[in-house]
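Read off the chains here:
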Amino acid sequence: MGPILALASNTYREAIRNKVLYSIGIFALLVILVGNFLTDISLHNDKRVLFDVGIGLLSTFGLILAVFTGTSLIYKEIDRKTIYLILTKPVGRAQFLAGKMLGLTASVYLVLGLMFVLLVGQSLFMGTGAPPQLYKAALLILFEVFIVISITTLFSSFSTPFITGMLTLGIIVIGRLLPDLKQIILTKYQADAMRDLADRLLQVFPQLYLFVPNGHDFNGQYVSLTAEFVTWGYIGWTALYALVYSGIILMISAVIFRRRDLT
Amino acid sequence: MKTAKPAQSPLEIRDLVKSFRTGFLQSKKVTAVGGLSFSLEEGEIFGLLGPNGAGKTTTLKMITGLIFPDKGEVKIFGHPSAEVKARARIGFLPENPWFYDYLTAREFLRMAGGIFSLRGPALEKRINGLFDQLGIAHAADLPMRKYSKGMLQRAGLAQALINDPDLVIMDEPLSGLDPIGRRELREIILGLKARGKTVLFSSHILSDVEEICDRVAILARGRLREIGSVESLLDMGTNGAELEVGGDPERIGAIADTLALEWVRSMTGGRVIISADADTATVLRAFLDAELPILELKRHRRSLESIFVAQSEKAKKEA
Ligand SMILES: Nc1ncnc2c1ncn2[C@@H]1O[C@H](COP(=O)(O)OP(=O)(O)OP(=O)(O)O)[C@@H](O)[C@H]1O
Ligand SMILES: [Mg+2]
């Protein structure tokens, strides 16, 4: 655990000083600030919309940050040869990946945390209060970001940032649309074997729609955050899902990365 | 259970082979290291020499576990290099080390120490000691993207020494350093040896190697061409001598030709190489009879450079 923490804390430090993270973070804060004040004076002068827009932005920027910073995470280490200084010390390659991933997650969480504080501050300022649903939604975003970072780690353990970015984006889209894809498959194929196979296949993808339970995902209904359906139990098992899924992804990454020549 | 051996070799390399695939669809195969074996003795300074592309960096990367050999094995203090444990007692300075842009040298060294479970005041003291010793204390808290090449080299050495390693491995440690820096590094290496450490480094700077190495290996095209103590390599075939003669080079040359000896022009006249089978007295008499001044007569020694060049060219011809 010692080496993982040492690596994670330096990855975190390096990341929060990086201009990319800075600028995306500052831009995100601005957008939330402006976006929500605009929402307030718009037609839907409704706290429901304020929360949905705010959380939507938080989620979007969370994913952007995860993809942007995650894609070059391992690639840059190899490209700049900084990895030579690390892996020639008594650090396993799996530990290296875990440390990098945790450090990056922490830095993205920091930016998301700041954005969330701003969102809550704004809600309080506008007298709408900050209900538990807001916190629950924010937690779900953190879980999703964790999964996405693990996926970028997987791809970047063997490919270039561009390919990693494309593959990750593809997986995000699929993961978010899984219920729709399932629906399409169910209507298209009648054979049970086919349905079974498709179902299994879809299970492999991260069930990212679990982390955005607003919008039309639930039986085609517009479900807002203000609805009470996101229970702490739901939060608990989605957290577990995120941990287990990311853990498996990390293990696969480690297996791929283990025998790779670092030239 | 194995009984404890009195002296465990710091490094044993056996039949190491590594090739890379390059080119369109990885169709071309380049053998970077083709069957390399040698081992280090505890407490020695070992120089790995060879022309560009000889396979020095590839060898050092296999030793440190960055790349994996196609064949053969590497053991560090008895542990196969693929094991994490093998890296506990080594320090590695890569060729042209590069760091994280936004971290300071102190932060990097703290992390390096953290990997070895060093922490607290003991770690801080070690870090400050290394910065002082390597002359980068003034830049310890500067982001490393602002470092000059020589400063990066020094920071690289600092991180390699953080765990007080018993085997220090360096890839071209002298490159990028000014003459003072090179002298300092030579002293650091000798200091490590004085404390019983083993040092393995690759280099092109033969004068430094000649000065500090106990043994050297010359590598060309991925194969070992020569290995031995610097003294023994230099003394090989040294029965001949060199005669420095003053005066007209044309006359010196004419006499040398009649004696069937090689000669070259020099600043003061000519230098005649007296081969091992020639009689030195006869040669001397010939020049004295011609009334040419004898300026110097010395035992002919090969230089490391001449061995290096000869081996590189031999390897090229053989290929
Ligand atoms: N990743 C790689 N892909 C393809 N070929 C490689 C790779 N790494 C090294 N080589 C080839 O292997 C050979 C040995 O290279 P290596 O870097 O070990 O040489 P070197 O002795 O360190 O040379 P130098 O003195 O220039 O540093 C060279 O022909 C090089 O082109
Ligand atoms: Mg090299």
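Residues numbered from 1 in each chain as written. Chains lettered and ligands numbered in written order. Predicted model: local features only at pLDDT ≥ 70, side-chain atom pairs only at ≥ 80, totals over all residues. Heavy atoms only, no water.

## Points about the nonpolar core
Membership of the largest hydrophobic core comes to 152 residues, with the highest contact counts inside it found for A:F96, B:L11 and B:F201. Ranked by the residues each element gives to this core, the list is headed by helix α7 (residues 132-156) of chain A, at 14 residues. Discounting residues that sit within four places of it in the chain, A:F96 has contacts with A:L7, A:I74, A:E77, A:I83, A:I86, A:L87, A:V91 and A:F257. Grouped together as the second largest cluster of nonpolar side chains are 13 residues, B:I252, B:A256, B:V272 and B:L292 included. (Core = buried A, V, L, I, M, F, W, Y, C linked by side-chain atoms within 4.5 Å. Buried < 20%, exposed > 50% of the residue type's maximum accessible area, 1.4 Å probe, protein only. Helix = DSSP H or I, 4+ residues; strand = E, 2+ residues; numbered from the N terminus. Contact = heavy atoms within 4.5 Å.)

## Some thoughts on the coordination of the magnesium ion (ligand 2)
Around the magnesium ion (ligand 2), the donor atoms from the protein are B:T57 (OG1) and B:E95 (OE), and they sit 1.9 to 2.8 Å away. Taken together, the residues B:T57 in helix α1 (residues 56-63) and B:E95 in the loop between β6 (90-93) and α2 (105-115) connect sequence positions 38 residues apart. (Donors = N, O, S within 2.8 Å, 3.2 Å for Na, K, Ca; no water.)

## Regarding the side chain of B:E44
All names here are of chain B. Counting through the fold element by element, E44 comes out in the loop between β2 (28-40) and β3 (45-49). Here the side chain of E44 touches E41 through a polar contact of 2.8 Å, landing on its backbone nitrogen. Here R215 takes part through its side chain, which lies 2.8 Å from a polar atom of the side chain of E44. With residues up to four places along the chain from it excluded, the contact list for E44 reads S39, K197, T198, V199, D214 and R215. (Polar contact = N/O pair within 3.5 Å; in protein donor to acceptor, adjacent residues only side chain to side chain.)

## Quick notes on the site of ligand 1
Close to ligand 1 lie 15 residues, the nearest being B:N52, B:G53, B:K56, B:T57 and B:T58. Each of chains A and B places residues next to ligand 1. For ligand 1, a nitrogen atom lies 3.1 Å from a polar atom in the side chain of A:T263. For ligand 1, an oxygen atom lies 3.1 Å from a polar atom in the side chain of B:H204. Notes on ligand 1: free accessible area 630 Å², of which the protein chains cover 70%. When contributions to the shell around ligand 1 are tallied by element, the ones reaching two or more residues are β1 (11-22) and α1 of chain B. The element that contributes the greatest number of residues to the shell around ligand 1 is α1(B), accounting for three residues. A per-class count over the shell around ligand 1 returns four nonpolar, eight polar and three charged. (Near = heavy atom within 4 Å. Areas by Shrake-Rupley, 256 points an atom, 1.4 Å probe, with all protein chains shown as cover. Nonpolar A, V, L, I, M, F, W, Y, C, P; charged D, E, K, R; others polar.)

## Focus: the sheet that holds strand β4 (residues 71-76) of chain B
Residue and element names in this part refer to chain B. Spatially, four strands are ordered β2-β1-β4-β5 in an open sheet, and the strand pairing comes out antiparallel. Looking at which strands have only one partner, the edges of the open sheet turn out to be β2 and β5 (79-80). The pairing of β4 with β5 spans two bridges and is classified as antiparallel. Counted as the bridge partner of K75 is P80 from β5. Contacts from α1 reach β1, β2 and β4, with the element oriented near 115 degrees to β1. (Pairing = 2+ DSSP bridges. Axes fitted to C-alpha atoms, helices over the stretch in contact; angles between N-to-C directions.)

## Topic: the sheet that holds strand β12 (residues 262-265) of chain B
Residues and elements named next belong to chain B. Spatially, the four strands line up as an open sheet ordered β12-β13-β11-β14, and their pairing is antiparallel. The sheet is open, and its two edges are formed by β12 and β14 (294-299), each paired on a single side. Averaged over all pairs of adjacent strands, the angle between their axes in this sheet comes to 20 degrees, without regard to strand direction. As paired strands, strand β11 (residues 241-246) and strand β13 (residues 269-274) are joined by six bridges and run antiparallel to one another. Note on β13: the bridge partner recorded for G246 is G269. Contacts from helix α8 (residues 249-258) reach β11, β12 and β13 within the one sheet, and its direction differs from that of β12 by about 170 degrees. In the packing of helix α9 (residues 280-289) onto the sheet, the strands contacted are β11, β13 and β14, and the crossing angle to β14 comes to about 170 degrees.

## Description of the pattern of salt bridges
Residues and elements named next belong to chain B. For the coordinates displayed, the defined rule picks out 23 salt bridges over all chains. R195 is the partner of D164 in a salt bridge, and the nearest nitrogen-oxygen pair spans 2.8 Å. Taken together, the residues D164 in the loop between α4 (149-161) and β7 (167-171) and R195 in the loop between α5 (179-194) and β8 (198-203) connect sequence positions 31 residues apart. Residue R271 pairs with E242 through a salt bridge whose shortest N-O separation is 3.7 Å. Of this pair, R271 sits in strand β13 while E242 sits in strand β11, and the two are 29 residues apart along the sequence. When its relative accessible area of 30% is taken as the criterion, R271 is described as partly exposed. On the basis of relative accessible area, E242 is assigned to the buried category, the value being 13%. (Salt bridge = Lys/Arg side-chain N within 4 Å of Asp/Glu carboxyl O.)

## Description of the packing of α4(B) against α5(B)
All names here are of chain B. Close contact between α4 and α5 brings their axes to 12 Å; oriented N to C, the two are set at 10 degrees. Considering their axes alone, α4 and α5 lie roughly parallel with respect to each other. Where α4 abuts α5, its residues R154, L157 and L161 lie against G181, E184, L185, I188 and L192. Per-class residue counts for the contact of α4 with α5 are five nonpolar, one polar and two charged. (Parallel < 35°, antiparallel > 145°, perpendicular 65-115°, else oblique.)

## Brief notes about the interface of chain B and chain A
At the interface, 29 residues of chain B touch 32 residues of chain A. Each partner contributes to the roughly 3,000 Å² buried at the junction of chain B and chain A, and carbon and sulfur atoms together form 60% of this total. The largest contributions to the chain B side of the interface with chain A come from B:L66, B:Y102 and B:I115, which together make up 25% of the buried area. Counting across the chain B and chain A interface gives three salt bridges. For A:R17, the salt bridge identified is with B:E107, shortest N-O distance 2.6 Å. Taken together, chain B and chain A are joined by 15 residue pairs in polar contact (both at pLDDT 80 or more). (Buried area = accessible area lost by both parts, 1.4 Å probe.)

Any functional reading would require information that these geometric values do not contain.
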